[in-house]
Structure formats: structure tokens, C-alpha cells
Amino acid sequence: MHRRLHEVLQPVQLEMLDESSRHAHHVSMVRGPEAGASETHFRMLIVSSAFDGVSRVNRSRMVHEALADELQSGLHALALTLRTPQEQESRAA
């Protein structure tokens, strides 16, 4: 996922937190190239110029399109914070 997001969005900041263990009540799905991988829930912060002039809904669509293969192979949920570099900078000030 990391590589795919870098390819598509070229983020200046990318943070991914695997929150799958917090969703243990969900049925575990094997996903990814490694047998037994069960990472299904992630919280992400993505800061990218690709989001300039793009609505919040369309930013989410961009991420979901980039991760379409993962979403079809068991990735279940994404909690997304999507900002432009300018938006991120203004939050840090």
C-alpha cells in the first residue's frame, strides 16, 4: 500500500497505522502476498499536492482508486486524513 500510494499521490507525508487489532470481532481475511496477512483496518494521514483544488470526497476517491486491488483482497476500512501541504502547514502553526 505504501508503495502504491507513493506512486499515485507522491505524498510529502504518509503515515499509516494498522488498527486491525482493534477490530478483532471482524472475521479475519487473509490478504496480501504473504500467506496469513490479516491487516484489514488502517488509519492514514496523507499530505500531497495531488489534493490541491480537490474536494474531500474526491480526495477519498483518489485513495480508494489507488488501493482498489487491496480493497478487493480484504482491506476492509480506511480512516483517512487527507491534506495538501499548505493545509498541513497551517495546522502545525
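Predicted model only: the values in this text are computed from it and were never measured. (Residues numbered from 1 in each chain as written. Predicted model: local features only at pLDDT ≥ 70, side-chain atom pairs only at ≥ 80, totals over all residues. Heavy atoms only, no water.)

Comments concerning the sheet that holds strand S2 (residues 41-47)
Applied cut-off: Following DSSP output, two strands are said to pair if at least two bridges run between them. Per the convention used, a helix needs a DSSP run of H or I reaching at least four residues, while a strand needs a run of E reaching at least two, with both numbered from the N terminus. For every element, the axis is a line fit to its C-alpha atoms; helices are fit only across the contacting stretch, and the angle between N-to-C directions ranges from 0 to 180 degrees. The contact rule is simple, with two residues in contact once any of their heavy atoms fall within 4.5 Å.
With respect to topology, three strands assemble into an open sheet ordered S1-S2-S3, the strand pairing being mixed. Pairing within the sheet leaves two strands with one partner each, and these edge strands are strand S1 (13-18) and strand S3 (77-83). Averaged over all adjacent pairs, the angle separating strand axes in this sheet is 10°, with direction ignored. Pairing geometry for S1 and S2, over six bridges, is antiparallel. Among the inter-strand pairings, Met16 is bridged to a residue of S2, identified as Met44. Contacts from helix H1 (residues 2-9) reach S1 and S2, with the element oriented near 150° to S1. Lying on the sheet, helix H2 (residues 56-66) is in contact with S2 and S3; it crosses S3 at an angle near 125°.

Considerations on H2
Because the α-helix completes a turn every 3.6 residues, residues three or four places apart line up on one side. We apply this condition: Three labels apply to residues, based on accessible area from a 1.4 Å probe with only protein chains included: buried if under 20% of the type maximum, exposed if over 50%, partly exposed otherwise in between. Working definition: the arc comes from the directions between the helix axis and the C-beta atoms, pointing outward to the latter.
The complete set of buried residues in H2 reads Arg59, Val63 and Ala66. Within H2, the buried residues cover an arc of 65° as seen down the axis, which keeps them to one side. The elements touched by buried residues of H2 are H1, S2, helix H3 (68-72), S3 and helix H4 (85-92).

With respect to the nonpolar core
Note the cut-off: The term nonpolar core refers to a set of buried residues drawn from Ala, Val, Leu, Ile, Met, Phe, Trp, Tyr and Cys, joined through side-chain atoms within 4.5 Å.
Residues Leu5, Met44, Ile46, Val63, Leu67 and Leu78 are the most contacted members of the largest nonpolar core, which totals 13 residues. Among the secondary structure elements, those contributing two or more residues to this core are H1, S2, H2 and S3. Sorting elements by how many residues they give to this core places S2 first, with three residues.

Quick word on the pattern of salt bridges
This is how the line gets drawn: Salt bridges are counted wherever a side-chain nitrogen of Lys or Arg sits within 4 Å of a carboxyl oxygen of Asp or Glu.
This model, assessed by the stated rule, comprises two salt bridges. Arg4 is the partner of Glu7 in a salt bridge, and the nearest nitrogen-oxygen pair spans 3.5 Å. Of this pair, Glu7 and Arg4 both sit in helix H1, three residues apart, which is roughly one turn of the helix. Note on Glu7: relative accessible area 48%, which makes it partly exposed. With its nearest N and O atoms 2.8 Å apart, the salt bridge here joins Glu87 to Arg59.

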